[in-house]
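What the coordinates show
Read off the chains here:
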Amino acid sequence: MKIFPIPCLEDNYAYLIIDESSGEAAVVDPVEPEKVLKVANDNGVSTVKLVLTTHHHWDHARGNEKMKELVPGVRVLGGSFDNVHGCTDRLEHGDKISLGRDVNILALHTPCHTKGHICYFVTGKEEEDPAVFTGDTLFVAGCGKFFEGTAEQMYQSLCMILRPLPKQTRVYCDHEYTEKNLRFALFVEPENEHIKRKLLWAKHQREANQPTVPSSIEEELYINPFMRVDMPEVQKRVGRSSAVEALMELRRMKDNWTR
Ligand code: GBP
Ligand code: ZN
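Residues numbered from 1 in each chain as written. Chains lettered and ligands numbered in written order. Predicted model: local features only at pLDDT ≥ 70, side-chain atom pairs only at ≥ 80, totals over all residues. Heavy atoms only, no water.

1. Focus: the side chain of Thr 53
Along the polypeptide, Thr 53 turns up in the loop between strand E4 (47–52) and helix H2 (58–61). For Thr 53, a relative accessible area of 0% corresponds to the buried category. Side chain to side chain, Thr 53 and Asn 64 meet in a polar contact 3.2 Å long. Sequence-distant contacts of Thr 53, that is, excluding residues within four places in its chain, are made with Asp 29, Ala 61, Asn 64, Val 76, Leu 77, Gly 78, Val 84, Ile 118 and Tyr 120. (Helix = DSSP H or I, 4+ residues; strand = E, 2+ residues; numbered from the N terminus. Buried < 20%, exposed > 50% of the residue type's maximum accessible area, 1.4 Å probe, protein only. Polar contact = N/O pair within 3.5 Å; in protein donor to acceptor, adjacent residues only side chain to side chain. Contact = heavy atoms within 4.5 Å.)

2. Topic: the site of ligand 1
Taken together, the neighbourhood of ligand 1 is formed by 15 residues, with Lys 145, Tyr 177, Lys 180, Arg 251 and Lys 254 sitting nearest. Residue Asp 136 places a side-chain N or O atom 3.3 Å away from an oxygen atom belonging to ligand 1. Here ligand 1, which alone exposes 690 Å², has 67% of that area covered by the protein. For the shell around ligand 1, the secondary-structure elements that each account for two or more residues are H2 and helix H9 (243–255). A class-by-class count of the residues in the shell around ligand 1 yields five nonpolar, four polar and six charged. (Near = heavy atom within 4 Å. Areas by Shrake-Rupley, 256 points an atom, 1.4 Å probe, with all protein chains shown as cover. Nonpolar A, V, L, I, M, F, W, Y, C, P; charged D, E, K, R; others polar.)

3. Some thoughts on the environment of Ala 40
Locating Ala 40 in the fold gives a position in helix H1 (residues 33–42). Placed 22 residues apart in sequence, Ala 40 and Ile 18 show a C-alpha to C-alpha distance of 8.4 Å.

4. Some remarks on the packing of aromatic side chains
For the structure shown, the criterion picks out nine aromatic pairs. Note on Phe 133 and Tyr 172: the rings are 5.2 Å apart at their centroids and 15° apart in plane angle, and the pair reads as stacked. With Phe 133 in strand E10 (residues 131–135) and Tyr 172 in strand E13 (residues 170–173), this residue pair connects regions lying 39 residues apart in the sequence. Judged on exposure class, the residue Phe 133 and its partner Tyr 172 are both buried. Note on Phe 184 and Phe 226: the rings are 6.2 Å apart at their centroids and 20° apart in plane angle, and the pair reads as stacked. Placement of the pair is Phe 184 in helix H5 (residues 178–188) and Phe 226 in the loop between helix H7 (217–223) and helix H8 (232–237), with a sequence separation of 42 residues. (Phe/Tyr/Trp six-rings, centres within 6.5 Å; stacked < 30°, edge-to-face > 60°.)

5. Some thoughts on the coordination of the zinc ion (ligand 2)
Every protein donor of the zinc ion (ligand 2) is accounted for by His 55 (NE2), His 57 (ND1), His 113 (NE2) and Asp 136 (OD), and the metal-donor separations fall at 2.2 to 2.3 Å. Mapping the donors of the zinc ion (ligand 2) onto the primary sequence yields the spacing H-x1-H-x55-H-x22-D. Of this pair, His 55 sits in the loop between E4 and H2 while His 113 sits in the loop between strand E8 (103–109) and strand E9 (118–123); the two residues are 58 residues apart in sequence, bridging distant segments of the chain. Here the two residues His 55 and His 113 agree in accessibility, since each one is buried. (Donors = N, O, S within 2.8 Å, 3.2 Å for Na, K, Ca; no water.)

6. Here we look at the sheet that holds strand E14 (residues 215–216)
Taken in spatial order, the six strands make up an open sheet running E7-E8-E9-E10-E13-E14, and their pairing is mixed. Looking along the sheet, the strands with just one partner apiece sit at the ends: strand E7 (96–99) and E14. Here E8 pairs with E9 via six bridges, running antiparallel. Its bridge partner lying in E9, Leu 108 is registered against Cys 119. Lying on the sheet, helix H4 (residues 151–162) is in contact with E8, E9 and E10; it crosses E8 at an angle near 140°. (Pairing = 2+ DSSP bridges. Axes fitted to C-alpha atoms, helices over the stretch in contact; angles between N-to-C directions.)

See below:
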């Protein structure tokens, strides 16, 4: 499979996933449909079969109706509890969808940012690393705001559903927040060399106008404070003694973080 990040709006990403054997494609959160379809055309896509919607927020789902007009017959997938614009197929946790010959997609229900948020775990040929499209649940070195859920739910989503994915899984999130997230991460863990190195790298990437996606699940285990809440040193740093409480406190701190 081939994956193209497509910058949209201010700091969003849509994604194009191509099954090379068939030329069929899926698109993740195509908020600017024309932009996404141009990348598809330029890269030999025969048909866009699927829209994979992570959640109902307008900066992710607003392009769905337009996609249906431009690509008759396209299926629009979205979480059952999320009332997604233009949704044709409501997904439950564990639903499987195939694309072309080699691509398989697994829906992971990761509530909290929104009630019906879905992450998509995508595998291609056996020798290829899998990918996970994490919407606004998991960002590189960060996580989404808790708009429709609790810290308990975000802990489940981040630490019980996403964290156990294969370590080499590539992480494609929906916003370019990496630099700010890493500056916050370094405030939480000032001694963490992985965060320092990643921050330098992220600055270079952005100066060169390049995306900071993908990271990997393994990398997130080293740099993402919200995924590291089980560690005593992180709990200590935020003055909490359980993982869920540390997650709640980290989110509160980040919401008020202005640097
Ligand atoms: C900043 O601090 O840099 N630009 C600001 C943050 C996702 S977008 C903007 C912000 O709040 N972003 C959201 C988030 O979860 N951020 C995590 C973080 O800052 O750590 N959105 O567009 C947001 O989900 C939205 C759309 C929200 C419709 C509510 C509705 Br309704
Ligand atoms: Zn959102």
